[in-house]
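Chain by chain, the residues:
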Amino acid sequence: MHTRSPMDLVRSGIALLLSVLTWLIASGHALAEPSGATIADGAALFTSAEPFVWLGSLLAAAGAGHWLGYRRRSWRGQPEVERLQLCFEKNTSMLILTHAETGNIVNANGAAAHFYGWSRESLIGRPLRELWVSHCPHWERSTLVNLSAPACHLHTHRLRNGETRVVEVHVTPFRDVDGATYVFSILHDVTDRERAAETLQRERRRLGNVIDGTHAGTWEWHIDSGAMACNERWAQMLGYRLDELEPNSLDTWHELVHTEDREQVVHTLATCRQGERENCEIEARMRRRDGNVIWTLAQGRILEWTPDGNPLKMWGTLHDITERKQMEQDLWLSASVFSQAYEAIMITGLDARIIDVNRAFTRMTGWTRDEVVGHTPKLFQSGLHDRAFYRQMRLQLERTGHWSGEVWNCNKAGELYAERLTISLVRDAQGHPCNYIALASDITDLKNYQKELEHRAFHDELTGLPNRVLMADRLRQGMAAARRSGKQLAVVFLDLDGFKAVNDSHGHEVGDRLLRMMSEDLAGIMRASDTLSRISGDEFVALLPDLECQADTHPVLDRLIQTAARKRMIEGKDVSLSASVGVTFFTHASEVDDETLLRQADAAMYGAKRAGRGGIQFFEALDAAEDAL
């Protein structure tokens, strides 16, 4: 059999289509039916009038060109053939010619190649089914040359990049002069149209479900007569059957409204009727049949008017909002507690970023709400707590959902303040963690008072030096350190010579001032690691740790003697004293306790007094002298 060129097939197909078109125009076929039908995927239907006019114009022009070329069959008719070829190739609609028996594409124009993402050469010879997402149930029918009219169907095709598109396919089968059957297809991308139609249909179903799902009462008010038509749910909300409210009217509604809200309902409906507001929305209490009162929300709108513009009908819904009103009351109460609470309150997300704070927080910290929202509590950290402290806080929150303790923070001015802090994990209605809430009270004054009490318990009230209790604790710590390090600890007992005479001659006030001055001077010449304490009236104990040998004490001891003997001017009087110093040592090999060390230093101090005062006596030397005696 002689194989015809694609161009010959196109010309033959267009000639046939021209004949079909002429028959359709003459018979007023269903192609001219009004447009507007929605095409479901895979459903065959005839095209509407608007695409028919376009298709008719195209085919008429193409057919006329082919007829002229066929009639002339000479090289002089070549320009018409070229124009026909150009019409096929340059057409903006997608055109595909397919062999009916093999299903292979014989020809395709540039618009089709561009749409599918293939070159024309790649499309020609390719099975048409490779463009389908699934088998096309209308293909067999499309190959029947005895179709009463060109057919149209929808099918989903796949582009080269894998994207799927819905196309509207207009097919016309025909036979060429050799008897071979071909299918001429005009395709339109209707993906957006079909998606929009599907979305519209889905939206209609959704709105219907919403109306059913809200379980709302509905009402229709005939404004001129006052009659009302309500659904069963409207009556059920109020404890009635619908027939028990018949004949239902606006007066029926007014009678069921709480007397305190009735005027508001009448006024709102009147303003809507007069056109002062477009939408009607009324919150009012209504009496149920059993005597209970519920809160309702009526919403409506005038949707029908008389020819002269007067309102005719209003439609609306009625909802039971009693639970919502109770929640609003609870929320108002919670908001009042939040804003009026004396304790500082801070709310954060699970990421610890601040969501809200109350006024008490601003009073305590100096930071305003706008300054802290979005930040984390690191903004307030004082640096007095290490990472382990906050890590332990987080671990306990994760484990128990609660943490309570004392924290030192900084306010906006950079000042330290102490707070008693409680942090709790908040869960939503489903039990999922959603927030943290922190309550804090400023306990700075309390902490300062406690600190003062502790200071008084461990320090001398007159001089501020450590007292006997704190000195004994420091002594035990020094002994333990000496055992670990192998170094020595010196215990120095210092007594002021002649202090009683100063008190007797100048008075106790001068004596007290002398003790304070003496304490400051003695503490000033000590090392940072040393401890100077006042254990009684004019007796002091100094602890000198970390000594390599006993000779290391000599510079400090000399300074103590010299400082104690310095003249001091008090209230215009020259006052001078001396000090007797006793010293004992503790080494890691010593078998003595802290009380024994103090007794040894005290004994050495009395040895210094017996030796003439104003001097230094070591306990070992005292032992040697006593042994000699």
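Structure report, in brief. Remember, it's a predicted structure, so these values are computed and weren't measured experimentally.

Basis of the calculations
Residues numbered from 1 in each chain as written. Predicted model: local features only at pLDDT ≥ 70, side-chain atom pairs only at ≥ 80, totals over all residues. Heavy atoms only, no water. Patch = residues over 30% accessible without salt bridge, like charges linked within 9 Å, V, L, I, M, F, W, Y side chains within 5 Å. Areas by Shrake-Rupley, 256 points an atom, 1.4 Å probe, with all protein chains shown as cover. Salt bridge = Lys/Arg side-chain N within 4 Å of Asp/Glu carboxyl O. Helix = DSSP H or I, 4+ residues; strand = E, 2+ residues; numbered from the N terminus. Buried < 20%, exposed > 50% of the residue type's maximum accessible area, 1.4 Å probe, protein only. Pairing = 2+ DSSP bridges. Axes fitted to C-alpha atoms, helices over the stretch in contact; angles between N-to-C directions. Contact = heavy atoms within 4.5 Å. Phe/Tyr/Trp six-rings, centres within 6.5 Å; stacked < 30°, edge-to-face > 60°. Lys NZ or Arg CZ within 6 Å of the ring centre and 35° of its normal. 1 Å grid on protein atoms, 1.4 Å probe; cavity = no way out; pocket = protein on both sides within 12 Å on 5 of 7 lines; lining within 4 Å. Points joined across faces, edges and corners; volume = space filled by probe spheres on them. Expected span 1.5 Å × (residues − 1). Lys, Arg positive; Asp, Glu negative; His and termini not counted. Charge placed at Lys NZ, Arg CZ, Asp CG, Glu CD. Core = buried A, V, L, I, M, F, W, Y, C linked by side-chain atoms within 4.5 Å.

Together, Trp 332, Leu 333 and Val 337 line one region of the surface with nonpolar side chains, adding up to about 340 Å² of accessible area. Relative to the helices and strands, Trp 332 is located in helix H11 (residues 322-340). Classification of Trp 332 by relative accessible area gives exposed; the value is 53%.

Quick look at the pattern of salt bridges now. Side-chain pairs of opposite charge can arise whenever the charged atoms involved come near each other. The full count for this structure, using the stated rule, is 35 salt bridges. When the shortest N-O distance is used, the salt bridge between Glu 283 and Arg 324 registers 2.4 Å. In this pair, Glu 283 is assigned in strand S9 (residues 279-287) and Arg 324 in helix H11, connecting sequence segments 41 residues apart. Its relative accessible area of 25% is what places Glu 283 among the partly exposed residues.

Spatial strand order, S13-S12-S16-S15-S14: 5 strands in an open sheet with antiparallel pairing. In the strand order of this sheet, the two ends are held by strand S13 (354-357) and strand S14 (402-410), each with one partner. Sheet twist, expressed as the average angle between the axes of neighbouring strands with direction ignored, equals 25°. Each of S14, strand S15 (416-427) and strand S16 (433-442) is contacted by helix H15 (residues 444-458), which is oriented at about 130° to S15, the strand it contacts most.

It is worth spelling out the packing of aromatic side chains at this point. Considering all chains together, one arrives at 8 aromatic pairs under this definition. With 5.4 Å between their ring centres and 50° between their planes, Trp 219 and Trp 253 make a pair best called tilted. Of this pair, Trp 219 sits in strand S7 (residues 217-222) while Trp 253 sits in helix H9 (residues 250-256); the two residues are 34 residues apart in sequence, bridging distant segments of the chain. The same class applies to Trp 219 and to Trp 253, which are both buried. Members of the aromatic cluster, connected to one another through ring pairs, are Phe 389, Tyr 390 and Trp 403. Of note, Arg 126 hangs over the ring of Trp 118, and the distance from its end group to the ring centre comes to 4.0 Å. Positioned over the ring face of Trp 118 is Arg 160, at 4.6 Å from the centre of the ring.

Moving on to empty space enclosed by the protein. Within this structure, the stated rule accounts for 7 cavities of 30 Å³ or more. The calculated volume of the largest cavity comes to roughly 110 Å³. At the level of secondary structure, the elements contributing two or more residues to the lining of the largest cavity comprise helix H6 (139-142), strand S4 (151-158), strand S5 (164-175) and strand S6 (181-189).

Let us now look at helix H10 (residues 262-273). The first and last C-alpha atoms of H10 sit 17 Å apart over 12 residues, in line with the 16 Å expected at 1.5 Å per residue. Buried within H10 we find Val 265, Thr 268, Leu 269, Ala 270, Thr 271 and Cys 272. Packed against the buried residues of H10 are S7, H9, S9, strand S10 (293-305) and strand S11 (311-320). Where H10 ends, the next residue or the one after it, Gly 275, has phi of about 80°, a positive value.

On to a positive patch on the surface. There is a patch of like positive charges on the surface, built from Lys 378, Arg 387, Arg 391 and Arg 394. As for its position among the elements, Arg 394 is in helix H14 (residues 387-400).

Counting residues in hydrophobic clusters, the biggest one holds 31 residues, and the most contacted among them are Val 492, Leu 494, Leu 496, Met 526 and Leu 560. Elements that contribute at least two residues to this core include exactly strand S17 (488-497), helix H17 (499-506), helix H18 (508-524), strand S19 (539-547), helix H19 (554-564) and strand S22 (578-586). Each residue touching Leu 494, except ones within four places of it in the same chain, is listed here: Leu 522, Asp 538, Glu 539, Phe 540, Leu 560, Ala 579, Ser 580 and Val 581. The next biggest cluster of nonpolar side chains, apart from the first, holds 27 residues, and it includes Trp 219, Ile 223, Met 237 and Ile 302.

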